[in-house]
Amino acid sequence: MSTSMELVDVSRVYWKEIAKKCNKAVVFIENSAAESLHWCGGLALLKNAAHVKEFSSFEFAPTDQKKAVFIVGNPALRSSERTVKNIIQNSDLEYCILITWCQPNVLSMSKFPNRDFNVDDKSGLAWLEDNLLDWMGNRNYTAEVFYYPIFFCSPCKESFYTPSYLPLFPLLHDDVTKCVAYWKVFNPGQPLPSSESGNWSLYPDELKTEIRRLVTNFHSLFGTLGLKEDIWSLGPFSKCIGDQLESWLPARNRRKTAQGSVSLILVDRTLDLGGTVVSFVDSMLGRILDCHEKLEGHTLDVCVNLNHLLGISNPDIFVPSSLAHPGAAEDSMEREEFRELVYGSEKELLVQLHQNLGKSSPKKSDSAKKKILNVQGLENDLKEYEGDLESILSNLGSISRGQAFINTASNQNILKRKRLQSLASQFGPDLRDNRDGVLTQISDLVLGRADSKLSLVDLIQLLVYIYSVHHIQEKFREDEEERIKSVLGEAILTEGRADNLDPILQALFKSLRENEEEMNELVALNIVNYIWSRLEGIQAYRSTLHSYLTLLDEDGNYYGILQQLLEDIYHPNSIEIPDLFHHTGGLGSMIRSSLSWFGAGSNKQHPRQNPWIIVYVVGGITPGEMKELQKTVLGTESKLTIAGSGILTAADSLNLIFSNNPLLTDR
């Protein structure tokens, strides 16, 4: 394969190979694999499978089916191993195929931690095949295990995300403290390991395994594309990932013979969480994600209700569609329409939807050409499809996206989003000039939240924003912090006793209640203290940087770290970026770098030296960042891909900050 292929085409190649193995089989598919399939061909690719089922212990193969295919991210996880075993033992199978994107070396290390990660090791595959045969109950049956790196989804060619790695989140200070405690339990009486490699030696095995799984998946992707990657990182967690990818022996061998080149820039999301909780870029995709529930098991796509178009008046019946309809007859139109959803303006998306709906309208009315391009006009376009099931199914993608667009017009979440944006903008000048009173204003908002129609979670979003964007050398006044803690604690206590907590706070209550059945002052205090430990970790995360000390411009407007970084990378003078760590690439790079000592001139590498730059944000990207950051390459010949472990809403970001276990020890 070559770099002329788009990422979605690479994924489709993998899935076509997988589909061959699913012929006449019962397929049990994990959620993140289903999400990958959803964006690059859908169930149509598995049309020759006998059944496609959820990967769940409650599922089984019909008694007349003897072949099963399991598509699983990491079969060495206890939960995954247990699920495969339960399905097999509840069925009557004679032939099992397990497909995974856990590279064989990682699979071996997951089961046998003392193995050498750099040595080609198939012992994990042998262990898994033996288990499959044992669970089928006859070692004369057939078991096979295959590795396909179906770890990413590429909704449009300029971006991709990796849903199975969304829980992989850079560690804040209290997470590192837990790592130390965890390490001491398993290494009693021993001194802490050297910090030369960052915190890697302290990470629990579960976290190391997940990082190596991501590293090997990137290796496989670059191998498929025939690329040698120059690796850069910004942030301590990304540096650990970059070190693993740079030093892994198979990756180093691949880079020696690769024909193409790419700059891979790994960035810690926790360097800038302000832009994930308050949006300052008007993205249609962002609006739609904020207004709809996610498809079950998916991290990006949403449910769009088409009841009224199908003439269903019963409110208890929900007819869901989604934004993505891969494998549609007009695949190029699907891609272009979704691209407008991500990168286009509201008007551009309206034009695209109106044209596509009008072209395929079952009524073909002349008046369609004269319609005013607004939400009302789009509603009129959709009315022409009402009750016509065949036309709806033939144009399901455009109809679903059109209905999703309409749903955003009067949604209360959009109004709240604008309110939070306005408040954050008001705080900006005070934060920039280090004036007192910002936390006092938030305290007043907590007390008056009923009048302002803001929830406690909305106000926690604002706290995350101000602690993230604030200059790292400036501190908030202690008396203001104590007051907001007190006010927030009282509010949590009141709403908890009234059983009126938002889901995020309810999850914190369950994890921090310490055997208490009901909300009380102690539990409320525990919740506030935990929230503040996370906020302080966010505030301190950029403290090791030389640049990017604040995420506000001279006027106090949000100026995200990704925006600052890419403006530096694409600076006309190719300026040096001191905070961007370059993973040197071994002895050859060291020799080249040392030539300057012998009069050969400076040979410092720069990400712009390669024609393609991939920025991968560990912890996820936002729709606004996907849209805004592409503008930095306008007028250049560079290819820029903005990627991350997920595409985030504010709710996603809050869950990752407060509810996620980034050590992954609960798997």
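In this report, we go over the structure that sits alongside the text. (Residues numbered from 1 in each chain as written. Predicted model: local features only at pLDDT ≥ 70, side-chain atom pairs only at ≥ 80, totals over all residues. Heavy atoms only, no water.)

### Points about the overall build of the protein
In step 1: Looking only at helices and strands, the protein has 27 helices and 14 strands in total.
In step 2: Taking 26 Å as the expected radius of gyration for a compact globule of 667 residues, we find that the protein reaches 26 Å, a close match to that expectation.
In step 3: Taken over the C-alpha atoms alone, the protein extends approximately 75 × 75 × 65 Å along its principal axes.
In step 4: Put simply, the protein has 667 residues, and 56% of those count as buried.
In step 5: Only carbon and sulfur atoms are counted for the fraction: they give 49% of the accessible area of the protein, which is about 28,900 Å². (Helix = DSSP H or I, 4+ residues; strand = E, 2+ residues; numbered from the N terminus. Rg over C-alpha atoms; globule rule 2.2 N^0.38 Å. Buried < 20%, exposed > 50% of the residue type's maximum accessible area, 1.4 Å probe, protein only. Areas by Shrake-Rupley, 256 points an atom, 1.4 Å probe, with all protein chains shown as cover.)

### Things to note about the packing of aromatic side chains
In step 1: What the rule picks out here adds up to 18 aromatic pairs.
In step 2: Geometrically, the ring pair formed by Phe117 and Trp248 is stacked, given 5.1 Å between the ring centres and 20 degrees between the ring planes. Separated by 131 residues along the polypeptide, Phe117 in the loop between α4 (104-111) and α5 (123-136) and Trp248 in the loop between α8 (236-247) and α9 (249-257) bring together distant segments of the chain.
In step 3: Under the relative-accessibility criterion, Phe117 is labelled buried at 6%.
In step 4: Trp248 gets classed as buried once you look at its relative accessible area, which sits at 1%.
In step 5: Each ring, one from Tyr203 and one from Phe237, has its centre 5.9 Å from the other, and the planes form 45 degrees; the classification is tilted. Taken together, the positions of Tyr203 in the loop between α6 (173-186) and α7 (205-225) and Phe237 in helix α8 put the pair 34 residues apart, joining distant regions of the chain. (Phe/Tyr/Trp six-rings, centres within 6.5 Å; stacked < 30°, edge-to-face > 60°.)

### Brief notes about helix α18 (residues 438-447)
In step 1: Burial in α18 covers these residues: Val438, Leu439, Ile442, Ser443, Leu445 and Val446. The buried residues of α18 occupy one face: seen down the axis, they fall within an arc of 160 degrees. (Arc of directions from axis to C-beta.)

### Regarding the nonpolar core
In step 1: Counting residues in each nonpolar core, the largest one holds 206 residues, and the members touching the most others are Phe70, Ile71, Ile466, Ile492 and Ile531.
In step 2: Among the elements that take part in this core, helix α20 (residues 456-469) stands out by supplying eleven residues, more than any other.
In step 3: If we skip the residues at most four places from it in the chain, Ile492 touches Leu456, Leu501, Leu505, Met519, Ala524, Ile527, Val528 and Ile531. (Core = buried A, V, L, I, M, F, W, Y, C linked by side-chain atoms within 4.5 Å. Contact = heavy atoms within 4.5 Å.)

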